[in-house]
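One-letter residues, chain by chain:
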Amino acid sequence: MIKDYALRSVRLENGEDAALLYRIIAEESGGAARYGAEIVMRRGGCTERAAIRDITVSYGRIRELIALLCENTVTPCTLRDVVEDTLNKI
């Protein structure tokens, strides 16, 4: 199941407008929920997306992570690096 969490409009360095949609991915495994993150960027007629599944079992922690991604305007191409850096600091 994918749940929309936040939508953010941004202006890219090249002057193009883009919409960033931050989503929580919820999957059940062995009776327990596992959460991941997805970012979808729409600009012009293009859509770019990236997802990382199975980040945490805590819904509160994935909400915090998604809020951090949104607050810092993380794009699909940097999602993996930012999540890895964030998890390494915890």
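Residues numbered from 1 in each chain as written. Predicted model: local features only at pLDDT ≥ 70, side-chain atom pairs only at ≥ 80, totals over all residues. Heavy atoms only, no water.

**A look at the environment of R11**
Reasoning step 1: Of note, R11 is situated in strand β1 (residues 2–11).
Reasoning step 2: A relative accessible area of 59% means that R11 is categorised as exposed.
Reasoning step 3: It is 9.8 Å that separates the C-alpha atoms of R11 and R43, two residues lying 32 residues apart in sequence.
Reasoning step 4: Leaving out residues up to four positions away in the same chain, R11 has contacts with E16 and D17. (Helix = DSSP H or I, 4+ residues; strand = E, 2+ residues; numbered from the N terminus. Buried < 20%, exposed > 50% of the residue type's maximum accessible area, 1.4 Å probe, protein only. Contact = heavy atoms within 4.5 Å.)

**Side note on the side chain of E38**
Reasoning step 1: By the secondary structure assignment, E38 is in strand β3 (residues 32–43).
Reasoning step 2: Classification of E38 by relative accessible area gives buried; the value is 6%.
Reasoning step 3: Separated by 3.2 Å, the side chains of E38 and R49 make a polar contact. (Polar contact = N/O pair within 3.5 Å; in protein donor to acceptor, adjacent residues only side chain to side chain.)

**Here we look at the state of the cysteines**
Reasoning step 1: Enumeration according to the criterion identifies 0 disulfides in this entry.
Reasoning step 2: You can see C46 has no disulfide; the closest cysteine sulfur is in C77, sitting 14 Å from it. (Disulfide = S-S within 2.5 Å.)

**Side note on the packing of helix α1 (residues 59–71) against helix α2 (residues 79–89)**
Reasoning step 1: Two elements in contact, α1 and α2, have axes separated by 12 Å at closest approach and are oriented at 125°. As far as their axial angle goes, α2 and α1 are oblique. Crossing handedness for the pair α1 and α2: right-handed. For the pair α1 and α2, the contacting residues are L65, L68 and L69 in the first and L79, V82, V83 and T86 in the second.
Reasoning step 2: Residue composition of the contact of α1 with α2, grouped by class: 6 nonpolar, 1 polar and no charged. (Axes fitted to C-alpha atoms, helices over the stretch in contact; angles between N-to-C directions. Parallel < 35°, antiparallel > 145°, perpendicular 65-115°, else oblique. Left-handed = near helix turned anticlockwise from the far one by under 90°. Nonpolar A, V, L, I, M, F, W, Y, C, P; charged D, E, K, R; others polar.)

**Things to note about the pattern of salt bridges**
Between side chains of opposite charge, a pair can form as their charged atoms come close.
Reasoning step 1: Enumeration according to the criterion identifies 7 salt bridges in this entry.
Reasoning step 2: When the shortest N-O distance is used, the salt bridge between E16 and R43 registers 3.4 Å. Of this pair, E16 sits in the loop between β1 and β2 (17–29) while R43 is found in strand β3, placing the two residues 27 residues apart along the sequence.
Reasoning step 3: Overall, E16 belongs to the partly exposed group, its relative accessible area being 27%.
Reasoning step 4: Residue class for R43 comes out partly exposed when judged on its relative accessible area of 26%.
Reasoning step 5: Between E38 and R49 there is a salt bridge whose closest N-O contact spans 3.2 Å. With E38 in strand β3 and R49 in strand β4 (residues 46–56), this pair connects stretches of sequence that are 11 residues apart.
Reasoning step 6: Three or more residues are tied together by salt bridges with common partners; here these are E16, R43 and E48. (Salt bridge = Lys/Arg side-chain N within 4 Å of Asp/Glu carboxyl O.)

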